[in-house]
Structures are given as C-alpha cells and as structure tokens.
Amino acid sequence: MVTVVTGASGYIGSHVIANLLARGESVRATVRDVADPERVDHLRNLPIAEGGGLEVVEMDLFSPDSVDSAIAGCSDLIHTAATVVVRSKDPQRKIVDPSVIGTQNVISAVEKSDTIKRIVHTSSTAAIRPMDWKDGTVLTTDTWADDATLEENPYGLAKVSAERLIREWHSSLDEETRPRLVTIHPCMVFGPPMSPRHLRGSLAILMAIVRREVPLNLPMQINIVDVRDVAEAHVRALSEGEDMGRYLTVSGEMMMNDIAKSLKVAHPERKWATWEAPYWLAIIASFFHPKIDVAWARRHLRKKLYWDASPAEKDLRMEWRNPLDSILETTPPILENGWD
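Residues numbered from 1 in each chain as written. Predicted model: local features only at pLDDT ≥ 70, side-chain atom pairs only at ≥ 80, totals over all residues. Heavy atoms only, no water.

### Points about empty space enclosed by the protein
Item 1. Inspection of every chain in the model, using the stated rule, returns one cavity of 30 Å³ or more.
Item 2. Estimates place the volume of the largest cavity at around 40 Å³.
Item 3. Elements with a contribution of two residues or more to the lining of the largest cavity: helix H4 (91-113), strand E5 (118-122) and helix H5 (154-171).
Item 4. For the lining of the largest cavity, the per-class residue count stands at three nonpolar, six polar and one charged. (1 Å grid on protein atoms, 1.4 Å probe; cavity = no way out; pocket = protein on both sides within 12 Å on 5 of 7 lines; lining within 4 Å. Points joined across faces, edges and corners; volume = space filled by probe spheres on them. Helix = DSSP H or I, 4+ residues; strand = E, 2+ residues; numbered from the N terminus. Nonpolar A, V, L, I, M, F, W, Y, C, P; charged D, E, K, R; others polar.)

### What about unusual backbone geometry?
A negative phi angle characterises most non-glycine residues, just as the trans form characterises most peptide bonds.
Item 1. Residue Arg-212 is not a glycine yet carries a positive backbone phi of 50°.
Item 2. Along the chain, Arg-212 falls in the loop between helix H6 (203-210) and strand E9 (221-226).
Item 3. Taking relative accessible area as the criterion, Arg-212 reaches 44% and is therefore assigned partly exposed.
Item 4. With phi around 75°, Met-244 is a residue other than glycine that occupies positive phi space.
Item 5. Inspection of the secondary structure assignment puts Met-244 in the loop between helix H7 (227-237) and strand E10 (246-249). (Buried < 20%, exposed > 50% of the residue type's maximum accessible area, 1.4 Å probe, protein only.)

### Description of the packing of helix H1 (residues 11-22) against H7
Item 1. Relative orientation of the contacting elements H1 and H7 amounts to 60°, with a least axis distance of 8 Å. H1 and H7 meet at a crossing whose hand is right-handed. Of the residues in H7, those touching H1 at Tyr-11, Ile-12, His-15, Val-16, Asn-19 and Leu-20 are Val-227, Arg-228, Val-230, Ala-231, Glu-232, His-234 and Val-235.
Item 2. Looking at the contact of H1 with H7 residue by residue, the classes come out as eight nonpolar, three polar and two charged. (Axes fitted to C-alpha atoms, helices over the stretch in contact; angles between N-to-C directions. Left-handed = near helix turned anticlockwise from the far one by under 90°. Contact = heavy atoms within 4.5 Å.)

### Some words on the packing of aromatic side chains
Item 1. Scanning the model with the defined rule gives zero aromatic pairs in all.
Item 2. The side chain of Lys-303 reaches across the aromatic face of Trp-133, ending 4.7 Å from its centre. (Phe/Tyr/Trp six-rings, centres within 6.5 Å; stacked < 30°, edge-to-face > 60°. Lys NZ or Arg CZ within 6 Å of the ring centre and 35° of its normal.)

### What about the nonpolar core?
Item 1. If you look at the biggest cluster of nonpolar residues, it comprises 70 residues, and the most contacted ones within it are Val-16, Ile-17, Ile-184, Leu-206, Ile-259, Leu-316 and Ile-327.
Item 2. It is H1 that provides the largest number of residues to this core, a total of seven residues.
Item 3. Membership of the second largest hydrophobic core comes to 19 residues, among which are Met-59, Leu-61, Ala-70 and Val-106. (Core = buried A, V, L, I, M, F, W, Y, C linked by side-chain atoms within 4.5 Å.)

### Remarks on the pattern of salt bridges
Item 1. Summed over the entire model, instances satisfying the criterion amount to 19 salt bridges.
Item 2. The salt bridge partner of Arg-299 is Asp-132, with a shortest N-O separation of 3.4 Å. Separated by 167 residues along the polypeptide, Arg-299 in helix H10 (residues 294-300) and Asp-132 in the loop between E5 and strand E6 (137-139) bring together distant segments of the chain.
Item 3. A salt bridge links Arg-236 to Glu-232; its shortest N-O distance comes to 2.6 Å. Of this pair, Arg-236 and Glu-232 are both found in helix H7, four residues apart, which corresponds to roughly one turn of the helix.
Item 4. A relative accessible area of 17% places Arg-236 in the buried class.
Item 5. For Glu-232, a relative accessible area of 17% puts it in the buried group.
Item 6. Among the charged side chains, a salt-bridge network with shared partners connects Arg-23, Glu-232 and Arg-236. (Salt bridge = Lys/Arg side-chain N within 4 Å of Asp/Glu carboxyl O.)

Below, the structure is given as structure tokens:
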C-alpha cells in the first residue's frame, strides 16, 4: 500500500507526510520542483519508522499526464495541493484554477489508475463560511460558502468549487465500488513550520506580528488549529469517520493582540506591538492597506465566529492542542533558522 500526498512541500502536506512516515507507511510525495531545496530538503530529512518509505516525485497540477503518473499504482490519496493565496490581481488564474483544474485532473487520474481506495481532500473553513455572518455565529459543516464570488472572496470560491467538484464526482459512482471520500476543513493553521515556504498562508498573520509590519494589531479574532492535529485528522480520515464526511478541524480562537502579548512574554528580548487598533482606525487603515480592503475589514473585524468541531472529536477521536501552545511552538523554528 502506498499513500500519495499531493502538495507535499506545503505546510499541511509536509506534516501529513511526517505523520505517515512516523507510522511506517510508504509515501509518494508530489512536489512542483524536485530541484528546489525549500520544497524537498525538509521532506527527505524526515525520520522514517520501520517498514516505511518515501518517494518524492515531480507533479504539475495543470498537466494531466503528470498527475496521472504521480497517482498511478497508489492505494490511498491525500489531496492537499492548492494555492494558499487570498487575494490576487488575477484571482481566476492564480487562486481558483489551481484548486478547480487541479482537482479535476486528480479525479481523472484516480479514474485512470483504478487503484485508489481511499481519498482525503483538504478543504477549508473558507468552503463553509458565508461572506456575511452575525457576531457570535456558530457554524457547522451543514453550511456552504455558496455566496463566495471571484471579486470579493476568490479563495472561498476556489475551496467550495473544488470540494463540490470532487463530491459530485464521488456521488456519481457506484456506492459498492467507489473509493472512500472524506474532506477536512482547517481554519487558520499554526504550529512548527519545516520550511520558509510555510510562512505564507496562515502563518502570514503570525509573521506580520513577528516582523512588526503594523504598529497596532487589528481587532480581529483568529480561529486556530495546530498543523500537527490537521495532519493527524487527515491520516485518521483514511479509515475513520463517515464516508462522504465533512470534518472541521478547529481547536479554539484568540484575538490578534492577545497572540502578540503572549509572544512578548515568550520572547521578551524582541520588540512587539501589543496595542490593539480601535475599530474606526482599522477601517480607515484598510483604505490604504495593500492586502486587505474596506469590505473585508467591515465583515471580519471586531466580530466573533465559532466552529463546531465536535464531529471530528467523535468520529476521528481528535483531541486538540491548546491554541496558545500552538502559537508558542510556531515561533522557535522561525527564530532559530533566521526566517524572521
């Protein structure tokens, strides 16, 4: 049995591979460029338990032949590959297409291989969260982000479109012979990065605090899950949980300013911004910020949103790391490797 992991050099993908290798599993890791040390060195240095093995192969999500070759002959598939970009001047090509076209090519490869028996697809809370919600709302996996648009929420559109694509394909197959399918829905992911590449995506918010990119922290709640727990949920979902299940992976939440204050206590030798911007000032600043806009600020700032991850606790037997512990265990590799 061989598990193929797409997006192996990514933050979640890397930890999924580490989890599988620690169990003594045989893993085929797909990366975009096998000659790029930031993509492969940390994978090749992972410890491998007895009986396990690692094969690193090059794969281009936009090349059907490449995807076919990567998936051929494997028994299990964990599909984490996607672009973790929230905004772009060309959102269709940069954000949506990699998720949707990539997933379509993966589906086609699974059909051609006829060997895949279990599939775990990495989705996101972005595939669940509507663009507007009431303060204090609790969301479950019964909700879909069907109001996501290319103009205002391209990342949500990418995630919901890719997940619907693989689910509709799966539903069209014979129930007796089709592979098992489960989707995992992480929120903002923290925990030890293995490569400088992992500082993008979720960790971009933490890096903004570490680098003091802004003099004041936003009045923003951040839903948190540890990357090691996300990896564990993916691996357990290969054999546990309901077929066609959707599972949220969320351990809790912290305000951005509370994260900064906790990091100041943990690293008093560094300078930290530990004042929270008033809501009105954050709205004004959003007019001039290159990565956020006024519409996003009005939807997200000051409001609280919660997630029901109890199905993952019940069906996958998940126990979450404390959000603060995840935050505090994220920074040492960043500082020790000079990635700050």
